[in-house]
Amino acid sequence: MNNLKRNSTLLKHIMLILIGIIFTIISIIKIKESYSYYSDDWGTDISFDTDYIVLLVCSIIILIYGIYSLAAYKKNLKVKNAYYMAFGTISCLIAFYPLGIFFKSLAKEIPFNECADYLYIGIIGIVMLLYVGFSYLSNKNE
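As the structure is a computational prediction, the values presented were derived from the model and not from experiment.

(A) Looking closely at a nonpolar patch on the surface. Judged by side-chain polarity, Leu11, Ile14, Met15, Leu18, Ile19, Ile21, Ile22, Phe23, Ile25, Ile26 and Ile29 come together as a nonpolar surface patch covering roughly 950 Å² of accessible area. Among the structural elements, methionine 15 can be located in helix H1 (residues 2–34). For methionine 15, a relative accessible area of 52% gives the class exposed.

Spelled out as structure tokens, the structure:
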């Protein structure tokens, strides 16, 4: 039973690394697909979908946390603070970036139905942020 627990912990860290790698690769491919370059007499415009930049940052954070947690596991160190920093940062990105896009879209008078997904994702991000915050406070009090 103890061997199963040790292997499941190792697998958990490896799965985090794999998730980080997969989403990093997907986001890089999507950024490359959305990249556009335009040049005319007025200047040059380079653009890409910023949603994929946020995905890239989140996936890199997960990848770094996975690698750090695996190294800490090998050295028998605690990773609670790294967990709260990593997933707190991801929660902030998932909460505030979509809400910013949502309110910016409303200010540009884009219909609500076209930008409502950003509102819902932002609300989910706020719930995640609250969870991480309360989890941190709960752990700190123990």
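(B) Quick peek at the layout of surface pockets. The calculated volume of the largest pocket comes to roughly 310 Å³. Asp51, Val54, Leu55, Ile94 and Ile121 are, among the 15 residues lining the largest pocket, the residues nearest its centre. Elements with a contribution of two residues or more to the lining of the largest pocket: helix H2 (50–74), helix H3 (80–107) and helix H4 (112–141). Here the residues of the lining of the largest pocket sort into 13 nonpolar, one polar and one charged. Within this model, the second largest pocket holds a volume of roughly 230 Å³. As for the second largest pocket, its lining consists of Thr9, Lys12, His13, Leu16, Tyr65, Ser69, Ala72, Tyr73, Asn76, Leu77, Lys78 and Val79. For the lining of the second largest pocket, the secondary structure elements donating two or more residues are H1 and H2. Its residues assigned to classes, the lining of the second largest pocket shows six nonpolar, four polar and two charged.

(C) Seen up close, the packing of H2 against H3. Remark: H2 packs on H3, axes separated minimally by 10 Å, with the N-to-C direction vectors making an angle of 170 degrees. As far as their axial angle goes, H3 and H2 are roughly antiparallel. Residues Thr50, Asp51, Val54, Val57, Cys58, Ile61, Ile62, Tyr65 and Tyr68 of H2 form the contact with H3, whose participating residues are Ala82, Tyr83, Ala86, Phe87, Thr89, Ile90, Leu93, Ile94 and Tyr97. Per-class residue counts for the contact of H2 with H3 are 15 nonpolar, two polar and one charged.

(D) The arrangement of the packing of aromatic side chains in detail. Summed over all chains, the structure comprises seven aromatic pairs. Where tyrosine 65 meets phenylalanine 87, the ring centres are 5.5 Å apart and the plane angle is 75 degrees; that geometry is what we call edge-to-face. Of this pair, tyrosine 65 sits in helix H2 while phenylalanine 87 sits in helix H3; the two residues are 22 residues apart in sequence, bridging distant segments of the chain. When the centroid spacing of 5.1 Å and the interplanar angle of 70 degrees are considered together, the rings of phenylalanine 102 and phenylalanine 103 count as edge-to-face.

Basis of the calculations
Residues numbered from 1 in each chain as written. Predicted model: local features only at pLDDT ≥ 70, side-chain atom pairs only at ≥ 80, totals over all residues. Heavy atoms only, no water. Patch = residues over 30% accessible without salt bridge, like charges linked within 9 Å, V, L, I, M, F, W, Y side chains within 5 Å. Areas by Shrake-Rupley, 256 points an atom, 1.4 Å probe, with all protein chains shown as cover. Salt bridge = Lys/Arg side-chain N within 4 Å of Asp/Glu carboxyl O. Helix = DSSP H or I, 4+ residues; strand = E, 2+ residues; numbered from the N terminus. Buried < 20%, exposed > 50% of the residue type's maximum accessible area, 1.4 Å probe, protein only. 1 Å grid on protein atoms, 1.4 Å probe; cavity = no way out; pocket = protein on both sides within 12 Å on 5 of 7 lines; lining within 4 Å. Points joined across faces, edges and corners; volume = space filled by probe spheres on them. Nonpolar A, V, L, I, M, F, W, Y, C, P; charged D, E, K, R; others polar. Axes fitted to C-alpha atoms, helices over the stretch in contact; angles between N-to-C directions. Parallel < 35°, antiparallel > 145°, perpendicular 65-115°, else oblique. Contact = heavy atoms within 4.5 Å. Phe/Tyr/Trp six-rings, centres within 6.5 Å; stacked < 30°, edge-to-face > 60°.

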